[in-house]
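Structural characterization, general
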Amino acid sequence: MPKHLSPVDLAIQLFGGVRALARAIGRDPAAISRWRRLGTIPTSAQILVLRIARERGLELSTHDVIYGRDIE
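The shown structure was predicted, so the numbers you read here are calculated from the model rather than taken from an experiment.

1. A word on helix 1 (residues 7-15)
- Along helix 1, the residues classified as buried are Pro7, Val8, Leu10, Ala11, Ile12 and Phe15.
- Those residues of helix 1 that are buried are in contact with strand 1 (3-5), helix 2 (18-25), helix 3 (29-38), helix 4 (43-55), helix 5 (62-67) and strand 2 (69-71).
- One or two positions beyond helix 1, positive phi appears at glycine 16, with a value near 100°.

2. A short note on the confidence of the model for the chain
- With 100% of its residues at a pLDDT of at least 70, the chain reaches an overall mean of 96.
- Across the chain, helix 2 holds the top mean pLDDT of 98, while strand 2 sits lowest at 93.

3. Quick look at the side chain of glutamine 46
- Within the fold, glutamine 46 resides in helix 4.
- Given the relative accessible area of 16%, glutamine 46 is considered buried.
- At 3.0 Å, the side chain of glutamine 46 forms a polar contact with the backbone oxygen of isoleucine 41.
- With residues up to four places along the chain from it excluded, the contact list for glutamine 46 reads Ile41, Val65 and Ile66.

4. A few points about the environment of aspartate 9
- Inspection of the secondary structure puts aspartate 9 in helix 1.
- Overall, the relative accessible area of 25% leaves aspartate 9 in the partly exposed class.
- Distance from aspartate 9 to glycine 39, taken between C-alpha atoms, is 7.7 Å for residues 30 residues apart in sequence.
- A polar contact of 2.9 Å, which involves the side chain of aspartate 9, links it to the side chain of arginine 36.

Cut-offs applied
Residues numbered from 1 in each chain as written. Predicted model: local features only at pLDDT ≥ 70, side-chain atom pairs only at ≥ 80, totals over all residues. Heavy atoms only, no water. Buried < 20%, exposed > 50% of the residue type's maximum accessible area, 1.4 Å probe, protein only. Helix = DSSP H or I, 4+ residues; strand = E, 2+ residues; numbered from the N terminus. Contact = heavy atoms within 4.5 Å. pLDDT = per-residue confidence, 0-100. Polar contact = N/O pair within 3.5 Å; in protein donor to acceptor, adjacent residues only side chain to side chain.

Set out below in structure tokens:
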């Protein structure tokens, strides 16, 4: 049965951890932890996360950032 990753958990996984994501987008790790508790990436940060992911060659789509992703 597939497991669903929230947008935040998916971004954290792709970037390599909470601190790595925070560093990549210039935010405090505590902010990323707050996002994780809420299960969403704030709209004000979605474009930044997408842009940095694209620059790093990470597979993260607009759909992923809004809805998350099912994984095996």
